[in-house]
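Survey of secondary and tertiary structure
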Amino acid sequence: MGKKINKDTTLCISLAARPSNFGTRFHNYLYEALDINFVYKAFTTPDLSAAITGIRGLNIRGCGVSMPYKEACINMVDELDDSAKAVNSVNTIVNTNGYLKAYNTDYIAIAKLLAQYQISKDLIFAVKGSGGMAKAVVFALKNAGFSKGYIVAKNPVTGKELADVSGFEWRTEIGNYDADILINASPIGMTGGDDAQGLAFNEASIIHAQIIFDVVALPSETPLLSYAKKQGKTVISGSEVFAIQALEQFTLYTDIRPNDELFQLAAAYSRA
């Protein structure tokens, strides 16, 4: 009959401008596999403050936070974990008896992927974007020891601000500057977006680069990754970022850390 929900079921949610099924599939798969009385549901909201108040008032255990709420919710929580402080951006809220503590598991996931792929710190990177996800990427690179790179962002306020606080250079366009690692931390290529079919970087830059990293999780293969694969490049996908950050969220919400086999099964199910 499937899992039964009752009055004691613990609710976890996510808030995003364009909710996807990734989180609901990942978390609910694990809840059922581990036989724990939780359920996960994705939401969007026109009123972030009311939504955060609802988390506190209804004792919702956890909340994943996606664009465009990652920075806007900072002043609505009680405490920032070091991972959120490092990038001044939030993607996870944990509610303990009405006390809201915020984390950034995107930052944790990106740091883990940089180590997993053994990317040389001597390579030059270019990060596209200047929002909350871009902050997570840039500071993961900085704290991993990368010293050569720049931020590509058209917004003169957020682009320059991210460059100033991170110590990297800001440019409005990638132009003819060659980078070894291209990382898209913008919405370009995202399903349902205004530029869903766009390439985050020009073809010449992609051909020059060694590694292409797209943090967009939907679709699982963005136009950028599809083009990069045809060029024989090493690619890192947003679905990889999502799976690792979701595992960190799951552990924060439940105090249970699934083994690697179960994690891989949940990650595959979330992408199916």
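These numbers come from a predicted model, not from an experiment.

A few words on the environment of Ala204. With respect to the element layout, Ala204 can be found in helix H7 (residues 203-208). Residue Ala204 is classed as exposed on the basis of its relative accessible area, which comes to 55%. Between the alpha carbons of Ala204 and Leu15 there is a distance of 36 Å; along the sequence they are 189 residues apart.

Here we take up the sheet that holds strand S2 (residues 38-43). Across the sheet, which stays open at both edges, the six strands sit in the order S2-S1-S3-S5-S6-S4 with mixed pairing between neighbours. The sheet is open, and its two edges are formed by S2 and strand S4 (79-80), each paired on a single side. Two elements, strand S1 (residues 10-15) and strand S3 (residues 62-65), share four bridges in a ladder whose sense is parallel. Directly across from Ser14, in S3, lies its bridge partner Gly64.

Under the counting rule described, the total for this entry stands at seven aromatic pairs. Members of the aromatic cluster, each reached through a chain of ring pairs, are Phe22, Phe26, Phe242 and Phe263. Here the guanidinium or amino end of Arg25 rests over the ring plane of Tyr269, the centre of that ring lying 4.0 Å away. In this structure, Arg171 packs its charged tip against the face of Tyr150, placed 3.9 Å from the ring centre.

Thresholds applied
Residues numbered from 1 in each chain as written. Predicted model: local features only at pLDDT ≥ 70, side-chain atom pairs only at ≥ 80, totals over all residues. Heavy atoms only, no water. Helix = DSSP H or I, 4+ residues; strand = E, 2+ residues; numbered from the N terminus. Buried < 20%, exposed > 50% of the residue type's maximum accessible area, 1.4 Å probe, protein only. Pairing = 2+ DSSP bridges. Phe/Tyr/Trp six-rings, centres within 6.5 Å; stacked < 30°, edge-to-face > 60°. Lys NZ or Arg CZ within 6 Å of the ring centre and 35° of its normal.

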